[in-house]
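Letter by letter, the chains look like this.
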Amino acid sequence: MVLIDAPSNLGLRPLRPGHVPGTWHAPEALARVGLDEALAPLRKVRLPRPAYEPEAQPGTRLRNGQSIRAFNLMLADAVSAAVGAGEFPVVVGGDCSILLGALAGGRRLGPLSLVHVDGHSDFRHPGNYDSAAMLGAVAGMDLALATGRGEALLTGWPDAPAPLVPDEQVVQIGEREGRDADFAWPDVNETAITRIDVFTAREIGVPSVIERTHNTLDRTGWPFWLHFDVDVLDQAIMPAVDTPGSPGIDPAELVVLLRSLIKDARCAGLTITIYDPTLDPQGTYARLVVSLLHNVFA
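Rules behind the numbers
Residues numbered from 1 in each chain as written. Predicted model: local features only at pLDDT ≥ 70, side-chain atom pairs only at ≥ 80, totals over all residues. Heavy atoms only, no water. Helix = DSSP H or I, 4+ residues; strand = E, 2+ residues; numbered from the N terminus. Buried < 20%, exposed > 50% of the residue type's maximum accessible area, 1.4 Å probe, protein only. Pairing = 2+ DSSP bridges. Axes fitted to C-alpha atoms, helices over the stretch in contact; angles between N-to-C directions. Parallel < 35°, antiparallel > 145°, perpendicular 65-115°, else oblique. Left-handed = near helix turned anticlockwise from the far one by under 90°. Contact = heavy atoms within 4.5 Å. Nonpolar A, V, L, I, M, F, W, Y, C, P; charged D, E, K, R; others polar. Phe/Tyr/Trp six-rings, centres within 6.5 Å; stacked < 30°, edge-to-face > 60°. Lys NZ or Arg CZ within 6 Å of the ring centre and 35° of its normal.

Engineer: Lay out unusual backbone geometry in plain terms, naming residues and giving numbers.
Structural biologist: In this structure, Gly-94 follows Gly-93 across a cis peptide bond, with omega equal to 20 degrees. Position of Gly-94 relative to the elements: it lies in the loop between β3 (89-93) and α4 (98-107). Following Ser-246, the chain continues into Pro-247 via a peptide bond in cis, with omega recorded as -5 degrees. Residue placement: Pro-247 occurs in the loop between β7 (224-229) and α9 (251-263). Backbone geometry at Asp-122 places phi at a positive 50 degrees, although glycine is not the residue there. Within the secondary structure, Asp-122 sits in the loop between β4 (113-117) and α5 (142-146). Taking relative accessible area as the criterion, Asp-122 reaches 4% and is therefore assigned buried. In the Ramachandran plot, Ile-274 falls in the positive-phi region, its phi being about 80 degrees despite a non-glycine side chain. The residue Ile-274 is located in the loop between β8 (267-273) and α10 (284-297) in this model.

The structure is reproduced here in C-alpha cells:
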C-alpha cells in the first residue's frame, strides 16, 4: 500500500461569504489520530495543497476548474506510478474531485470499472442544470465527469481515453436522494449505471449488494477503482461532512462491503473523501474514520 495525501477542497462551494471548505485538512487530521499506524503503508506521498478561489476562473464554468485539472494531473502521476509498480494506492482526500485524478492515473494502464460508494449520485452536469447561471461544484459532479459528461477540461485526460469509465461498468451504492420529488439529477436513472441506493441496500442486505456489484464487475473482468465518500454514513454517525444526510449505510455493514471489495484482486485502488476536520474540533469523527478503515484492511 502507498498512502497518497490529496489535500483538496477545490470541488466544494463556500457555505457562506468568506468560507473556505475544510476538507483539505483531512489527510493531516486523519494522520494525527493514527491513520498511518492503522494502515501501515510501505510509503507515503504528499501532494501540495492547492489554492482555493471562490470566484470564476478563466475559460471554465467550474469553480476552481483550472486548479482542479492541475491538481488532478499531479495526482494522476502519483497513482499511475503506484499502480505501475504493483502498489495499492489509497488516496486520502480531500473532496470528491480527486476521484478524477485517481481514475485518470489508473486509466493510463488500461480500462477501469468504478464502484462509487457515496451518499449522493454526484451526477450534476450541463444537461441537468444551467451552467451559465451558476458555477459548477465538481464535488457534486465527479461521477458525471468520470463518465464523460461535462466540460472537456475535466473529461479529457492525457493518456487516458474518454470517458474514464463507461456507464455500464459503474456501480453506485448508498445514494439517498434519488427518491425525493425534487431530486436534482433524475437523468442518472436513465443511464446504464448500476444503482443500489441506500434504501435498496438496507432492504436486500450486504451479501446481495456485493453480489449485484460483482455481477456488473464480472461483465468485463477489468480492474476497478473503489471510491468511498464518508457521507454515505448517516449524519447521526458522521456529521463532519459538507452535506450530511439520512439514512446511511450501517458502519458494520459498510466495513463488510468495503472489505469484500478491497480483497478482490481486481481492486486497483481506493479514494477516501469529504471528511471535514473543521466540523470535528475534538477529532471524534476522525477516529471513527480511522477505526473503520483499520477494520476494512484488517
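Engineer: Give me the lowdown on the pairing of strand β1 (residues 2-6), citing residues and values where you can.
Structural biologist: In summary, the side chains of a regular strand alternate between the two faces of the sheet. The buried fraction of β1 is high, at five of five residues. Of the two faces of β1, both are covered, the one formed by Val-2, Ile-4 and Ala-6 as well as the one formed by Leu-3 and Asp-5. Sheet topology note: the β1/strand β2 (residues 43-46) ladder contains four bridges and is parallel. Looking at the pairing, Leu-3 lines up with Lys-44 of β2.

Engineer: Got a sec to walk through the packing of α9 against α10? Specific residues and values, please.
Structural biologist: Between α9 and α10, whose axes approach to 8 Å, the crossing angle comes to 45 degrees. When the interaxial angle is binned, α9 and α10 end up oblique. Once α9 is placed against α10, the crossing between them reads as right-handed. The segment α9 lies against α10, with Leu-254, Val-255, Leu-258, Arg-259 and Ile-262 engaging Leu-292, Asn-295, Val-296 and Phe-297. Across the contact of α9 with α10, the residue classes break down as seven nonpolar, one polar and one charged.

Engineer: Before we move on, could you go through the packing of aromatic side chains and cite the residues and values that matter?
Structural biologist: One pass over the structure, following the stated rule, counts two aromatic pairs. Their ring planes at 70 degrees and their centres at 6.3 Å tell us that Phe-88 and Phe-297 sit as a pair that is edge-to-face. Residue Phe-88 is located in the loop between α3 (65-84) and β3, and its partner Phe-297 is located in helix α10; the two are separated by 209 residues in the primary sequence. The class of Phe-88 is buried, set by a relative accessible area of 17%. Measuring from ring centre to ring centre gives 6.3 Å for Phe-183 and Trp-185, while their planes differ by 70 degrees; the resulting arrangement is edge-to-face. The pair Phe-183 / Trp-185 is uniform in exposure class, with both members buried. Stacked on the ring of Trp-24, the Lys or Arg Arg-49 has its end atom at 3.7 Å from the ring centre.

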